[in-house]
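Take a look at the letters that make up each chain.
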Amino acid sequence: MKIKGQAWKFGDDVDTDAIIPARYLNTTDPALLAAHCMEDADPSFAARAKPGDIIVAGRNFGCGSSREHAPIAIKGAGVGCVVAHSFARIFYRNAFNMGLPILECPEAAASIEAGDQVEVDLSRGSIVNHSRQQEYQAHSVPPFMRELLEAGGLMAYVGAQLRKPKGQPAK
Amino acid sequence: MTSMTISEKILAKHAGQSSVRSDDLIEAGIDFALGNDITAPLAIEAFRKSGAERVFDRERVALIPDHFAPNKDIASAMQIRTLREFAREQQLVHFYEVGRMGVEHALLPEQGLVLPGDVVIGADSHTCTYGALGAFATGVGSTDLAAAMITGKIWFKVPASVKFIFRGQRRPWVGGKDLILHTIGQIGVDGARYKAMEFVGETIEALPMTDRFTMCNMAIEAGAKVGIIAPDAVTEEYVRARAKRPYEFYRSDEDAVYESVYDWDVSALEPMVALPHSPQNVKPVTALPQIRIDQVVVGSCTNGRLEDLRQAAAVLKGKKVAPQVRCLIIPATQWIYQQAMREGLFEIFLEAEAAVSTPTCGPCLGGHMGILAAGERAVATTNRNFVGRMGHVESEVYLSNPAVAAASAIAGRIAHPDEVQ
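Below: a short report on this structure. (Residues numbered from 1 in each chain as written. Chains lettered and ligands numbered in written order. Predicted model: local features only at pLDDT ≥ 70, side-chain atom pairs only at ≥ 80, totals over all residues. Heavy atoms only, no water.)

Quick look at the overall build of chain B
Then step 1. Per the secondary structure count, chain B includes 14 helices and 18 strands.
Then step 2. Principal-axis analysis of the C-alpha atoms gives chain B an extent of 60 × 50 × 40 Å.
Then step 3. Excluding contacts between residues fewer than 6 apart, the proportion of contacts in chain B whose partners are at least 24 apart in sequence is 76%.
Then step 4. If you sum the accessible surface of chain B, you get close to 14,800 Å²; carbon and sulfur atoms cover 48% of it.
Then step 5. Here chain B carries 42 positive and 50 negative side-chain charges, and the mean point of each set is 2 Å from the other. (Helix = DSSP H or I, 4+ residues; strand = E, 2+ residues; numbered from the N terminus. Contact = heavy atoms within 4.5 Å. Areas by Shrake-Rupley, 256 points an atom, 1.4 Å probe, with all protein chains shown as cover. Lys, Arg positive; Asp, Glu negative; His and termini not counted. Charge placed at Lys NZ, Arg CZ, Asp CG, Glu CD.)

Written out as structure tokens, the structure is:
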């Protein structure tokens, strides 16, 4: 599972109000949420982000509220992956449950600059920075979690498991 | 016998194991699950998609419209309708309409629905509030709530515990809010990321329930999974008359394992204020320059309880809110509202030219009922002061306890309560 795009750089402690302000939480529509993604941190982000782009951030990305609208908005904006030094606890779990790939990698978070062309390979956990000819290593995403991401999140994954004929092992 | 912390004991019990250690992956049965008008619509959508038909227990799932209630606009009305219809269909016992409701984390303990020894999950980050009762309570996303509503279970990684020892007698006007702001100021907003924060020591033992709720409520602001206080006579006094079912007290073993221990003498601690735009930018109120303000909010799941309103009233009694300031008082539940009215607190607030609102989370998250314009500043007894949290991206929120908020309303700038007496 590979993701390739341009890097968007953010700092430490990016909170869920920066990712999707609460004033927009009167909807669960991914397209409406995506239109305001990162609005209070970078008002131009939602309009300029392209499919496959990668958010690169510092420590504690996604701190604050438990809103699942945060990973929904990021995914809706077309972002293919978030790479951070570390993630806040609830966001970490929500991202996988919503099918948004994320990787913890302090080295990548420190070295990648805004606008760099970055390629992420989730199965290997590798992050290649084509603009700087650098490669960084994160923990790989295990097969069942990749399957969950490919299915589009936890509920879709669980649904797919239920539909599998009995006795057939998971891929 | 393995030595365990209170968090580990509660989790072991709910996982049906004799012991657990930090980093163990366990599946725990839950005693209670909750969602609100922002998070529950997504959980209900996930519930439907899964093909599930019934919640695991209609008495153990609460849906509480509080964030945008009373309905702030058509979209919010539609979201709350989703909750209402689901609650009816599932015959949920605990669904609260306006007029009977309250801010979820004030309401559920008050109604005796979350209890000592419980495992509680809520699709709201401030679910950690119930740790004040000696429960293991943590915020989750909507999908995790959906799964738990169906199965009555959730998987956890057992968090490592960090012990915070507080020593000394609190100074006047210093409460739970000041202790937790001090803590976050010391360790930072990711200082307890994924950890269980355990608050102990003579200062905590002498702390009323209200202040304990405030402390555990803001554990998430340090990144923690839970904030927890061992139950004692104070807890028993609070719970006894309210509990709707049996409960159990747990305590950490003397030789339980902690990842780290902080030991603070707080006898000299002043009322604290968190400056924009992070709960870790903490300074004593007396160290601040003149900071003019436009709005004051007393309320929220952090500081909207009866004792909080009494504190604000004690400062506001016989005074007037400064002409350029809007002062909003938001009792956190209908019961608190009624009690405050009976005690004559509303008379004090209204004479002071403050506004009193029906319970809502409202302005705390920039939802409604007190949104800030560009360039405006608020002192709020709430829990977050992120960029744009209470309104315009160029507005500012300063977090404080209710007495400092009330004093600031009178002074028109951030003030210590002694300055306006």
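That shown, we press on.
Focus on the overall build of chain A
Then step 1. Along its length, chain A carries eight helices and seven strands.
Then step 2. Here the C-alpha atoms of chain A give a radius of gyration of 16 Å, agreeing with the 16 Å that 2.2 N^0.38 yields for 171 residues.
Then step 3. With respect to the principal axes defined by its C-alpha atoms, chain A has extents near 50 × 45 × 25 Å.
Then step 4. Split into buried and exposed, the 171 residues of chain A put 58% on the buried side.
Then step 5. Put simply, 62% of the contacts in chain A that link residues at least 6 apart link residues at least 24 apart.
Then step 6. Total accessible area on chain A is roughly 6,900 Å²; 54% of this is exposed by carbon and sulfur atoms.
Then step 7. Positive and negative side-chain charges in chain A, numbering 18 and 19 respectively, have mean positions lying 8 Å apart. (Rg over C-alpha atoms; globule rule 2.2 N^0.38 Å. Buried < 20%, exposed > 50% of the residue type's maximum accessible area, 1.4 Å probe, protein only.)

Describing the environment of K2 of chain A
Then step 1. Looking at the secondary structure, you find K2 of chain A in strand 1 (residues 2-9).
Then step 2. Measuring from C-alpha to C-alpha, the distance between K2 of chain A and G80 of chain A comes to 9.1 Å, with 78 residues separating the pair along the chain.

Here's the deal with the nonpolar core
Then step 1. Grouped together as the largest cluster of nonpolar side chains are 102 residues, with contacts concentrated most on F45, F61, I74, F91, V120 and I127 of chain A together with F349 of chain B.
Then step 2. Counting residues in hydrophobic clusters, the runner-up holds 63 residues, among them I80, A192, M215 and L328 of chain B. (Core = buried A, V, L, I, M, F, W, Y, C linked by side-chain atoms within 4.5 Å.)

Considerations on the pattern of salt bridges
Then step 1. Under the counting rule described, the total for this entry stands at 29 salt bridges over all chains.
Then step 2. In this structure, D40 of chain A and R23 of chain A form a salt bridge, with 2.8 Å as the shortest nitrogen-oxygen distance. Of this pair, D40 of chain A sits in the loop between helix 2 (30-34) and helix 3 (45-48) while R23 of chain A sits in the loop between helix 1 (16-19) and helix 2, and the two are 17 residues apart along the sequence.
Then step 3. The buried category is assigned to D40 of chain A, whose relative accessible area is 13%.
Then step 4. For E259 of chain B, the salt bridge identified is with K195 of chain B, shortest N-O distance 3.2 Å. Residue E259 of chain B is located in the loop between helix 9 (233-240) and strand 11 (260-265), and its partner K195 of chain B is located in the loop between helix 6 (176-187) and strand 9 (196-200); the two are separated by 64 residues in the primary sequence.
Then step 5. Taken together, the shared-partner salt bridges connect D17 and R67 of chain A together with R389 of chain B into one network. (Salt bridge = Lys/Arg side-chain N within 4 Å of Asp/Glu carboxyl O.)

What about the packing of helix 11 (residues 306-316) of chain B against helix 14 (residues 402-411) of chain B?
Residues and elements named next belong to chain B.
Then step 1. Two numbers describe how helix 11 lies on helix 14: the axes approach to 8 Å, and their chain directions differ by 35°. Both helix 11 and helix 14 take part in a crossing whose hand is right-handed. Taken together, the residues of helix 14 that come into contact with helix 11 (itself represented by D308, Q311, A312, V315 and L316) are P402, A403, A406, A407 and I410. (Axes fitted to C-alpha atoms, helices over the stretch in contact; angles between N-to-C directions. Left-handed = near helix turned anticlockwise from the far one by under 90°.)

Concerning the pairing of strand 14 (residues 295-298) of chain B
All names here are of chain B.
Then step 1. Burial along strand 14 is two-sided: the residues Q295 and V297 and V296 and V298 are all buried.
Then step 2. The pairing of strand 14 with strand 15 (residues 326-329) spans four bridges and is parallel. Paired with V297 across the two strands is L328, which belongs to strand 15.
Then step 3. Where strand 14 lies against strand 17 (residues 377-380), three bridges are found, and the strand directions are parallel. Paired with V297 across the two strands is A380, which belongs to strand 17. (Pairing = 2+ DSSP bridges.)

Focus on unusual backbone geometry
Then step 1. Following A69 of chain B, the chain continues to P70 of chain B via a peptide bond in cis, the omega torsion being -15°.
Then step 2. Tracing the chain through its elements places P70 of chain B in the loop between strand 3 (61-64) and helix 3 (74-89).
Then step 3. Omega for the bond connecting P276 of chain B with H277 of chain B falls within 30 degrees of zero, at 0°, which places this linkage in the cis form.
Then step 4. Looking at where H277 of chain B falls in the secondary structure, it is placed in the loop between strand 12 (272-274) and strand 13 (282-284).
Then step 5. With phi around 65°, M38 of chain A is a residue other than glycine that occupies positive phi space.
Then step 6. Within the secondary structure, M38 of chain A sits in the loop between helix 2 and helix 3.

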